[in-house]
Amino acid sequence: MERSLPGGTRGILRARAGLERFQVESIAPTAALAPFVERFWVLRWDLRGRPPHRQQVLTRPTVHMTFTSYLTSGTTRARIVGVVLDDFVEEIADEGRVVGVEFRPGGLRPFMDAPVSSLTGRFTTVEEVFGADGPALADRVFAAGGAGEAVARLSDFLTARAPGPDPSAERAAGIVARIAARPWLVRVDELAAELGTSTRSLQRLFHEYVGVSPKWVLRRFRMLEAAARAEAGTVVDWAGLAAELGYADQAHFTRDFTVTIGTPPARYARETGPGRAGG
């Protein structure tokens, strides 16, 4: 029987295999945090007596703040994850849980005193963004009796510090959503013209609020769409998909996919379709 993928798994590569080893849940933010937060999320796993699992993720142009509890050893880790430009692989083992918040594109900038690009490609402490309150927040999240309570404490923390409306943050989020909905967009200058702005202004906005260039975002959403199509379990016309995503030819698309994902698209589709999860 074919098994569809739940929401919130976009970007989790080989998601069917991963979901045999962990569970992920997404929680919508409150209305007060909706301008800044895309979602809260909880990831749980219990691999006691099983090998560790290495999960590859095709990251989106968003920043995450995560609180990881390794329940078997009792150790914890709190960090802010800037936009990851290249391959991102996380290993999980034994038993544990991650409570996280994914900020909207541009949504973290109103909380910061620096451009979001200062976090790009970095794993840093919560304290770097939230000062002395960061370690106290981590203590409260880790001391929560369950994941729901941990998310509530994280939500309360951000709500108490929520800044006023930031039109530039809203504009950045809107532009990224526009790109996500139209993964065939290829050229930054064409996007800028559609928006009635200059390429340079668009680049400055993304540097300050999103953390990566508009060109990177265009390319990443093309790959996210291609990976989702490949993993959907339906027959894919690769030449047609390449043309739909704005590639001049299938060979160029195949090279981009292979470099980004690590596997040619047709092989990835064979390995990840329904019934291919494995044990």
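Residues numbered from 1 in each chain as written. Predicted model: local features only at pLDDT ≥ 70, side-chain atom pairs only at ≥ 80, totals over all residues. Heavy atoms only, no water.

### Focus: the overall build of the chain
Definition in use: Under the scheme used here, helices are H or I runs from DSSP no shorter than 4 residues and strands are E runs no shorter than 2 residues, and both carry numbers assigned from the N terminus. For a compact globule the rule gives 2.2 Å times the number of residues to the power 0.38, and the radius of gyration it is set against comes from C-alpha atoms. Each residue is placed in one exposure class: buried if its accessible area under a 1.4 Å probe, protein chains only, is under 20% of its type's maximum, exposed if it is over 50%, and partly exposed if it falls in between. Contacts are assigned to residue pairs that have any heavy atoms within 4.5 Å of one another. In this count, Lys and Arg are taken as positive residues and Asp and Glu as negative ones, while His and the chain termini are left out. Lys charges are placed at NZ, Arg charges at CZ, Asp charges at CG and Glu charges at CD.
Each helix and strand in the chain was counted, giving eleven helices and eight strands. For 279 residues, the compact-globule estimate of 2.2 N^0.38 gives 19 Å, and the chain sits close to it at 19 Å. In terms of principal-axis extent, the alpha carbons of the chain reach across some 55 × 50 × 30 Å. The buried share of the chain, taken over its 279 residues, is 47%. Long-range contacts, defined here as pairs at least 24 residues apart, represent 69% of the contacts in the chain between residues at least 6 apart. Looking at the chain, you have 35 positive and 32 negative side-chain charges, and the mean spots of the two groups are 3 Å apart.

### A few points about the confidence of the model for the chain
Here is the rule we go by: Across the chain, each position has a pLDDT score giving the predictor's confidence in that residue, from 0 to 100.
Within the chain, residue pLDDT values average 92, and 95% of them lie at 70 or more. Confidence, expressed as mean pLDDT per element, reaches its minimum in the chain at helix α1 (residues 15-18) with 88 and its maximum at helix α7 (residues 199-210) with 98. This stretch, residues 1-7, has a pLDDT under 50; its non-local contacts, to residues over four places away or in other chains, come to 13 contacts.

### Topic: the packing of helix α5 (residues 167-181) against helix α8 (residues 214-231)
Put simply, the rule reads: Angles shown run from 0 to 180 degrees and are taken between the N-to-C directions of axes, each axis being a line fitted to C-alpha atoms and, for helices, limited to the stretch in contact. For a crossing to be left-handed, the near helix must be turned anticlockwise from the far one by less than a right angle; the clockwise case is right-handed. Three classes are used: nonpolar for Ala, Val, Leu, Ile, Met, Phe, Trp, Tyr, Cys and Pro, charged for Asp, Glu, Lys and Arg, and polar for all others, with Gly counted as polar.
As a packed pair, α5 and α8 sit with axes 9 Å apart at the nearest point and diverge in direction by 40 degrees. Seen from above, α5 lies across α8 with right-handed handedness. For the pair formed by α5 and α8, the contact residues are Val 176, Ile 179 and Ala 180 on the first element and Val 217, Leu 218 and Phe 221 on the second. Counted by class, the contact of α5 with α8 contains six nonpolar, no polar and no charged residues.

### What to know about the nonpolar core
Spelled out, the test is: As used in this record, nonpolar core signifies buried Ala, Val, Leu, Ile, Met, Phe, Trp, Tyr and Cys residues forming a set joined through side-chain atoms within 4.5 Å.
Ranked by internal contacts, the top residues of the largest apolar core, which has 69 residues, are Met 65, Phe 130, Leu 158 and Phe 253. Among the elements that take part in this core, α8 stands out by supplying nine residues, more than any other. The residues touching Phe 130, leaving out its near neighbours within four places in the chain, are Met 65, Ile 80, Leu 108, Phe 111, Phe 157 and Leu 158. Counting residues in hydrophobic clusters, the runner-up holds ten residues, among them Phe 22, Trp 41, Leu 43 and Ile 92.

### Some words on empty space enclosed by the protein
To be explicit about the condition: Using only the protein atoms, space was sampled on a 1 Å grid; points where a 1.4 Å probe fits but cannot get out form cavities, open sets with protein on both sides within 12 Å along at least five of seven lines form pockets, and lining residues are those with an atom within 4 Å of a point. Grid points are joined across faces, edges and corners, and a volume is the space filled by probe spheres set on the points.
Applying the stated rule across the entire model yields one cavity of 30 Å³ or more. Taken as a whole, the largest cavity encloses approximately 40 Å³ of empty space. Lining the largest cavity are Pro 61, Thr 62, Val 63, Phe 103, Arg 104, Pro 105, Gly 106, Gly 107, Leu 108, Val 116, Tyr 209 and Val 210. For the lining of the largest cavity, a count of residues per class yields eight nonpolar, three polar and one charged.

### Regarding the layout of surface pockets
Considered as a void within the structure, the largest pocket measures approximately 710 Å³ in volume. What lines the largest pocket is a set of 34 residues, among which Arg 39, Trp 41, Val 57, His 64 and Phe 88 lie closest to the centre. Looking at the lining of the largest pocket, the elements with two or more residues in it are β1 (22-27), β2 (37-46), β3 (53-57), β4 (64-70), β5 (75-81), β6 (88-92) and β7 (95-103). Tallied by class, the residues present in the lining of the largest pocket amount to 15 nonpolar, eleven polar and eight charged. Of the volumes computed, that of the second largest pocket is approximately 320 Å³. Top element by residues in the lining of the second largest pocket is α8. It accounts for five residues.

### With respect to the pattern of salt bridges
What counts is decided by this rule: Any carboxyl oxygen of Asp or Glu within 4 Å of a side-chain nitrogen of Lys or Arg constitutes a salt bridge here.
Scanning the model with the defined rule gives 22 salt bridges in all. Linking Glu 90 and Arg 79 is a salt bridge whose minimum nitrogen-to-oxygen distance equals 3.4 Å. Of this pair, Glu 90 sits in strand β6 while Arg 79 sits in strand β5, and the two are eleven residues apart along the sequence. Here Arg 161 makes a salt bridge to Asp 133, at a shortest N to O gap of 3.1 Å. Taken together, the residues Arg 161 in the loop between α4 (147-160) and α5 and Asp 133 in helix α3 (residues 133-143) connect sequence positions 28 residues apart. When its relative accessible area of 34% is taken as the criterion, Arg 161 is described as partly exposed. Several salt bridges converge on common partners, so that one network encompasses Arg 14, Arg 267 and Glu 271.

### Things to note about the sheet that holds β2
Stated precisely, the cut-off is as follows: By this definition, two strands are paired if DSSP reports at least two bridges between them.
Here six strands make up an open sheet; going across it, the order is β1-β2-β7-β4-β5-β8 and the pairing antiparallel. Every interior strand has two partners, whereas the edge strands, β1 and β8 (123-124), have only one. Of the strand pairs in this sheet, β4 and β5 are connected by seven bridges, and their pairing is antiparallel. When the bridges of β5 are listed, Thr 68 appears paired with Arg 77. Most of the contacts of α3 go to β4, to which it runs at about 50 degrees, and overall it touches β4, β5 and β7.

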